[in-house]
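Breakdown of the fold
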Amino acid sequence: MSRLGELWHSPEDWDYFTVPQRHADGRVIHWPRGRVLGGSHALNATIWVRGAAQDYDAWAADGCPGWGWEDVLPWFRALETYVPPAGTAPGDSRGTDGPVPVVQDYPLNPVFASIVEAAEQVGVPYNEDYNGGTLDGVSQQQINVRDGRRFNTWMAYVKPVEEHPRLNLRTGVLLQRVLVEDGRAVGVAVVPLAAPDGAPEEIRADEVVLCAGALDSPKILLRSGIGPAAHLTDVGVPVVHDLPGVGANLHDHLLAPVIAEATARTIEHPESDWSVTQTHLFWRSRPDLDAPDTQPIHFSVPMYDEGMEGPMNAFTLHAGLVRPRSRGTVRLTGPGVSDPVALDPNIFDDPRDREALLASLRQAREMVRTRPLAQDWGAEELYPGPEVRTEEEEVAYLHRFVTTYHHQVGTCRMGTGPDAVVSPEDLRVHGIDGLRVVDASVMPRVPSGNTNAPTAMIAERAASLITGGSTTLAATAAAAGAED
Ligand SMILES: Cc1cc2nc3c(=O)[nH]c(=O)nc-3n(C[C@H](O)[C@H](O)[C@H](O)COP(=O)(O)OP(=O)(O)OC[C@H]3O[C@@H](n4cnc5c(N)ncnc54)[C@H](O)[C@@H]3O)c2cc1C
């Protein structure tokens, strides 16, 4: 867990980059994505966050009836086995017998205990369980680990039934496109990962469920001729079905680092079995907001970005924006599987995003100056650094160092309007029979927290829909796990 950064740029990473960001100094930003069973959950930080009730109520109000907080809560509960801090009991809203371990019962590295105190000193109260109904506050992260190792959705759901005679798992192939005949998906075409321009193999199916994530599901639909007709024509893909919303509505959470050297104490790393990020906080950048719009995340190591350098005995308080308003696109540059995809989150297109991230950055800088960090650890800010004082300088710093929180969503959004791609009722693609999308791309708007748990909730619910509501994979996998 503590070495997750080593998976970036590795063979397990699709290793995507954005197009140059016009409101962020023209920089391209690395977007790691899991190229492995378990998807991005196999290389993420395993932080488990449901989001705010208001997030889902807004989905319901915005054309997705049946996806309000009270509707999704049972599915969140069904997913998890929550292990609360020692000496405490799970609240009513928490699950205790689902297939995904959600663990809060682990030792905090001392620097995180001081970070929690620093947050309290700037007016952020401690929240024992941010998944218990209220997000606001500073908290220990709840993570997916078992026996000191990451535990992802592949391990929870598929591995227990890996040998099932009705499961045929193909690895080493790339899904090229969905095959559509007379308005119905009838299977997929795959090519060898090692030779993607080779002849495709066709796999026929009664129904196709696409779950390639917020970057690849729209890419595959576009390559299949399902998407905005004008764009498809531009890149040489024959139009099968004009669906304007495919690849639109791309958005992401953003981070910007505040890094401080600890000059008075050594940050030890007894957490080698645990994560180098153990706390985060949820905070409203303006008092009139109905839910937190920032989620700073803390690291016991310096998260130096390209162009930064400094001592290793340092920690990071990443400012974080979780209710972005800017929207971008996923677009093809050509019809082939080897043609690069153009990923444009359009960071800071809406200036309100920059304002919220700036408020979060200032809060993190203020925390570094509090007694628990400044005095007890001798914390001295390295980045942005003392020379960054005016608003203009802080904004320039954001443009130079803003980065992803890895939570891209929205590119095959659920809904019923002209921009909707899948139906909120059953996640079927509008206008094509026999085709569903089930992943982070269907979220109409990103929840105010990390996106893995919401994606797993959507998948859990979809499994029930696909099987006619008669069962859930949670129950199946939990039963299989119990037999081991
Ligand atoms: C570095 C990083 C850290 C993160 N940290 C956290 C965290 O701590 N907590 C949290 O909640 N969220 C975190 N996230 C986000 C979270 O992991 C994602 O939101 C979640 O995994 C999305 O699930 P998904 O099923 O939509 O897509 P993915 O998990 O990306 O799965 C998509 C799958 O489709 C496969 N695929 C794609 N294209 C093709 C193709 N053409 N052919 C065949 N297969 C294909 C991929 O290999 C992958 O297995 C992080 C993400 C990253 C990248």
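Note that the coordinates shown come from a computational prediction; the quantities given were computed from them, not determined experimentally.

A few words now on the environment of R150. One can find R150 in strand β7 (residues 149-150). Here the alpha-carbon distance between R150 and D426, two residues 276 residues apart in the chain, equals 31 Å. Within the local environment of R150, its side chain forms a polar contact with the backbone oxygen of N44, the two atoms lying 2.8 Å apart.

This part is about unusual backbone geometry. Here the bond from Y383 into P384 is cis, since omega is 0°, no more than 30 degrees from zero. Tracing the sequence through the fold places P384 in the loop between β20 (379-383) and α9 (391-401). Of note in the backbone geometry, D15 takes a positive phi value of approximately 60° without being a glycine. Mapped onto the fold, D15 is located in the segment before β1 (16-17). Assessed through its relative accessible area of 28%, D15 is described here as partly exposed. Non-glycine residue T46 carries a positive phi angle of around 55°. Within the secondary structure layout, T46 lies in the loop between β2 (30-31) and α1 (53-61).

All right, on to the UniProt feature "domain: Glucose-methanol-choline oxidoreductase N-terminal" (unreviewed entry) in the chain then. As annotated in UniProt, the feature "domain: Glucose-methanol-choline oxidoreductase N-terminal" (unreviewed entry) corresponds to residues 213-227 in the numbering used here. In residues 213-227, helix accounts for 73% and strand for 13%; the two terminal C-alpha atoms are 16 Å from one another.

In terms of nonpolar packing, the biggest core is built from 55 residues, with W59, W67, L221, L427, L435, M457 and I458 touching the most fellow members. If you tally residues by element for this core, the top one is helix α2 (residues 69-79), at 6 residues. Look past the residues within four positions of W67 in its chain and what remains in contact with it is Y56, W59, A60, V72, M414, P424, L427, M457, I458 and R461.

Before going further, it helps to examine α9. Of all the residues in α9, the buried ones are E394, V395, Y397, L398, H399 and F401. Close packing links the buried residues of α9 with β14 (254-262), α7 (351-368), β20 and β21 (403-404).

A full pass over the atoms with the stated rule returns 0 disulfides. The structure places no disulfide on C64, whose sulfur is separated from the nearest cysteine sulfur, that of C412, by 13 Å. Assessed through its relative accessible area of 0%, C64 is described here as buried. The thiol of C412 is unpaired, and the distance to the nearest cysteine sulfur, on C211, comes to 12 Å.

Direction vectors running N to C along α7 and α9 enclose 105°, while the axes themselves pass 11 Å from each other. Judged on the interaxial angle alone, α9 and α7 are roughly perpendicular. Contacts between α7 and α9 involve R354, L357, L358, L361, R362 and R365 on the former and, on the latter, E391, E394, V395, Y397, L398 and H399. Residue composition of the contact of α7 with α9, grouped by class: 6 nonpolar, 1 polar and 5 charged.

Procedures and definitions
Position labels on residues start from 1 in each chain and follow its written sequence. This being a predicted model, a pLDDT of at least 70 is required before a residue's local features are given, and a value of 80 or more before pairs of side-chain atoms are given or counted; all residues contribute to the totals for chains, interfaces and linings. Hydrogens and water are ignored here; the side-chain numbers use all heavy atoms of the structure. Only runs of H or I of at least four residues qualify as helices and only runs of E of at least two qualify as strands under DSSP, and these elements are numbered from the N terminus. In protein, a polar contact means a hydrogen-donor-capable atom and an acceptor-capable atom, both N or O and within 3.5 Å, with residues adjacent in sequence counting only if both atoms are side-chain atoms; elsewhere, any N or O pair within 3.5 Å suffices. Only protein chains enter the accessibility calculation, which uses a 1.4 Å probe; a residue whose area is less than 20% of its type maximum is buried, one above 50% is exposed, and one in between is partly exposed. UniProt positions are given in the numbering used here, feature names are shortened, and annotations may be inferred rather than shown by experiment. Here, nonpolar core means buried Ala, Val, Leu, Ile, Met, Phe, Trp, Tyr and Cys residues that are tied together by side-chain atoms lying within 4.5 Å of each other. Contacts are assigned to residue pairs with any non-hydrogen atoms lying within 4.5 Å of each other. The disulfide definition used here is simple: a pair of cysteine sulfur atoms within 2.5 Å. Orientation is described by axes fitted as lines to C-alpha atoms, over the contacting stretch for helices, and by angles from 0 to 180 degrees between their N-to-C directions. Throughout, the term roughly parallel applies to angles under 35 degrees, roughly antiparallel to angles over 145, roughly perpendicular to angles from 65 to 115, and oblique to all others. Only Asp, Glu, Lys and Arg are considered charged, only Ala, Val, Leu, Ile, Met, Phe, Trp, Tyr, Cys and Pro nonpolar, and every remaining residue, Gly among them, polar.

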